[in-house]
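Okay, here's what each chain looks like letter by letter:
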Amino acid sequence: MEANERSATYWSEYDFTKIPFDQLIRVGQRSLLYRDLFCVSWLLGRYCNYKCSYCWPYARSDVRDHRPTELLVQTMDEIKRQARARGFNSFHFSFSGGEPTTHKGYLELLSHYGKDMPHSNYQSVHMTSNLSPGIGWFKKYIEATASLNRVSVTASYHSEFSNREAFRDKILFLQDGDVQVTINMVMVPERFEQLWELALFFHEANINVTLKPQSNPTATKVVDGYTAEQLLRLKNGMPQRGYTEQQLKKADKKSQRPKSKLDFTPYAPEGIIPRPRVDAPSIMQVELTDSGGQPWFMDQAERFNAFEFNQFQGWECSAGYRSIIIREPDGTVKRSYSCSDQPLGHIESGFHLFNKPMPCQTASCVSSADSKIPKRKAGVSLPLWPGDKTFGEP
Ligand code: SF4
């Protein structure tokens, strides 16, 4: 067997249940640990054009509650100004809602973002969408984001409003436009097998499916009711694969996206036992370091809750320093979704980022948008971004 074939086999068999969760001292998404990346999660409004029977009342609204496009553009510029003043000049914006595609200025905001490519080291964008717009809209979306380094979509499938074949075809269209897509599937225990069948339908069409355990209404805990075998499928099932790259290759096309201006080279941080660096494939998005300095990997932070790995109280967390969230309808700017800290400000009246990583004050960090933000156990001297020297500070 060739070395690269052996490596592919090794990674597809990587067993997340072997990770020593109780001995971890640093956690973070690799694109944040090894880049000057600033991360923004932006909930554009609660308005949604679907009305699913199971949707939490706080998660959606029939009323268009969007802020003016001009304010969004100014806010994006101000975020970048403050991030650059702290040494971050690579950006990731993640938009959600409600349904973000219903904001009338959304494509204009994305075009504005794309125009800043010459001044940034790297820029990527993500959205969580029900994929309700037609193919014509997605064509414009691909055009508006064409200059960016990476574009990704989390597609939420809602069977009461979507047709699975049309949904699949829109995803294949996006993949053909060099957009990375995964379908989020909340595996409700009572309908587990039916949802598993649906997940297989998409998986067999060469589309990534992320299996998510259902949380309780306060999003603090995974609900009861899963069998041991179902939990195992949630922990290890459907590993993510590079389907967009495969699809482009099959069509004899090459990605036209620019490369990052900075090197993305994982390094063995100072202060831990030097060992040969394991260069994990990019599909392994999360790196976890144990107390012996050994790196472990996971495809995505969405799996943390399945392992009940979400308690970081007292850890030094870089959320609020190199990442923020903006949340509607109240317009608050916070360090992250789960955090119980005071907000950092307001979209209308202004906000101030922290001046260094701050201790986590929150009992559980349940959102994957939060748990992937680099953090380390208090007192651990490991960097949370390239050149980070903030450890050991009073
Ligand atoms: S709850 Fe907030 S401060 Fe705590 S680890 Fe999560 S993101 Fe960081």
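Only a predicted model underlies this, so the values are computations on that prediction, with no experimental measurement involved.

Visitor: Please clarify how the site of the ligand should be interpreted in this entry.
Guide: What surrounds the ligand is the set Phe312, Cys317, Ala319, Arg335, Ser336, Ser338, Cys339, Cys360, Thr362, Cys365, Asp370 and Lys375. The cavity where the ligand resides is the largest cavity. Residues belonging to the shell around the ligand are distributed by class as follows: six nonpolar, three polar and three charged.

Visitor: I tried to follow the nonpolar core on my own but got confused; where do I start?
Guide: Across soluble globular proteins, nonpolar side chains show a tendency to be buried alongside one another. Membership of the largest hydrophobic core comes to 68 residues, with the highest contact counts inside it found for Trp42, Phe93, Phe95, Tyr141 and Phe202. For this core, the leading source of residues is helix 7 (residues 192-204), giving seven residues. With residues up to four places along the chain from it excluded, the contact list for tryptophan 42 reads Leu72, Thr75, Met76, Ile79, Phe93, Ser94, Phe95, Ser96, Ile326, Tyr337 and Ile347.

Visitor: Mind showing me how you'd approach the domain arrangement of the protein here?
Guide: Size of an interface: often given as the accessible area lost when the parts come together. One can read the domain layout of the protein as domain 1 (19-32 + 265-318 + 358-394) and domain 2 (33-250). On a C-alpha basis, the centres of domain 1 and domain 2 stand 23 Å from each other. In this assembly, 29 residues from domain 1 lie in contact with 23 residues from domain 2. Across the domain 1 to domain 2 interface the summed buried area is about 2200 Å²; carbon plus sulfur atoms make up 59%. On the domain 1 side of the contact with domain 2, Leu32, Arg303 and Ala306 bury the most area, a combined 22% of that side's loss. The tally of links between domain 1 and domain 2 comes to zero salt bridges. Where domain 1 packs against domain 2, one counts eight residue pairs in polar contact (both at pLDDT 80 or more). Residue assignment for the side of domain 1 that touches domain 2 shows that the elements contributing at least two residues are strand 1 (24-29) and helix 2 (30-33).

Visitor: Can you walk me through the sheet that holds strand 15 (residues 358-359) in this structure?
Guide: Hydrogen bonds along the backbone pair up the strands of a sheet, which may run parallel or antiparallel. Taken together, the six strands give an open sheet; going across it, the order is 9-8-1-16-10-15, and neighbouring strands pair in antiparallel fashion. Each edge of the open sheet carries a strand with a single partner, namely strand 9 (295-298) and strand 15.

Visitor: Help me out: how do you make sense of the packing of aromatic side chains in this one?
Guide: Pairs of aromatic rings are described using the distance from one ring centre to the other and the angle between the two planes. Counting across every chain of the model gives 25 aromatic pairs. A centroid spacing of 5.1 Å and a plane angle of 50° characterise the contact between phenylalanine 21 and phenylalanine 309, whose relative ring orientation is tilted. With phenylalanine 21 in the loop between helix 1 (3-12) and strand 1 and phenylalanine 309 in the loop between strand 9 and strand 10 (316-317), this pair connects stretches of sequence that are 288 residues apart. Assessed through its relative accessible area of 16%, phenylalanine 21 is described here as buried. Between phenylalanine 88 and tryptophan 385, the aromatic rings sit 5.5 Å apart at their centres with planes inclined by 65°, giving edge-to-face as the arrangement. Residue phenylalanine 88 is located in the loop between helix 3 (69-85) and strand 3 (90-96), and its partner tryptophan 385 is located in the segment after strand 16 (375-376); the two are separated by 297 residues in the primary sequence. Neither residue differs from the other here; phenylalanine 88 and tryptophan 385 are each classed as buried. Members of the aromatic cluster, connected to one another through ring pairs, are Trp42, Phe93, Phe95, Tyr106, Tyr113, Trp137, Phe138 and Tyr141. Directly above the ring of tyrosine 122 sits arginine 35, whose terminal nitrogen or CZ lies 4.1 Å from the centroid. The ring of phenylalanine 201 carries the charged tip of arginine 164 above its face, separated from the ring centre by 3.9 Å.

So, how was this worked out
- Residues numbered from 1 in each chain as written.
- Predicted model: local features only at pLDDT ≥ 70, side-chain atom pairs only at ≥ 80, totals over all residues.
- Heavy atoms only, no water.
- Near = heavy atom within 4 Å.
- 1 Å grid on protein atoms, 1.4 Å probe; cavity = no way out; pocket = protein on both sides within 12 Å on 5 of 7 lines; lining within 4 Å.
- Sits in = over half its atoms within 2 Å of the grid points.
- Nonpolar A, V, L, I, M, F, W, Y, C, P; charged D, E, K, R; others polar.
- Core = buried A, V, L, I, M, F, W, Y, C linked by side-chain atoms within 4.5 Å.
- Buried < 20%, exposed > 50% of the residue type's maximum accessible area, 1.4 Å probe, protein only.
- Helix = DSSP H or I, 4+ residues; strand = E, 2+ residues; numbered from the N terminus.
- Contact = heavy atoms within 4.5 Å.
- Domains from an automatic or database assignment.
- Buried area = accessible area lost by both parts, 1.4 Å probe.
- Salt bridge = Lys/Arg side-chain N within 4 Å of Asp/Glu carboxyl O.
- Polar contact = N/O pair within 3.5 Å; in protein donor to acceptor, adjacent residues only side chain to side chain.
- Pairing = 2+ DSSP bridges.
- Phe/Tyr/Trp six-rings, centres within 6.5 Å; stacked < 30°, edge-to-face > 60°.
- Lys NZ or Arg CZ within 6 Å of the ring centre and 35° of its normal.

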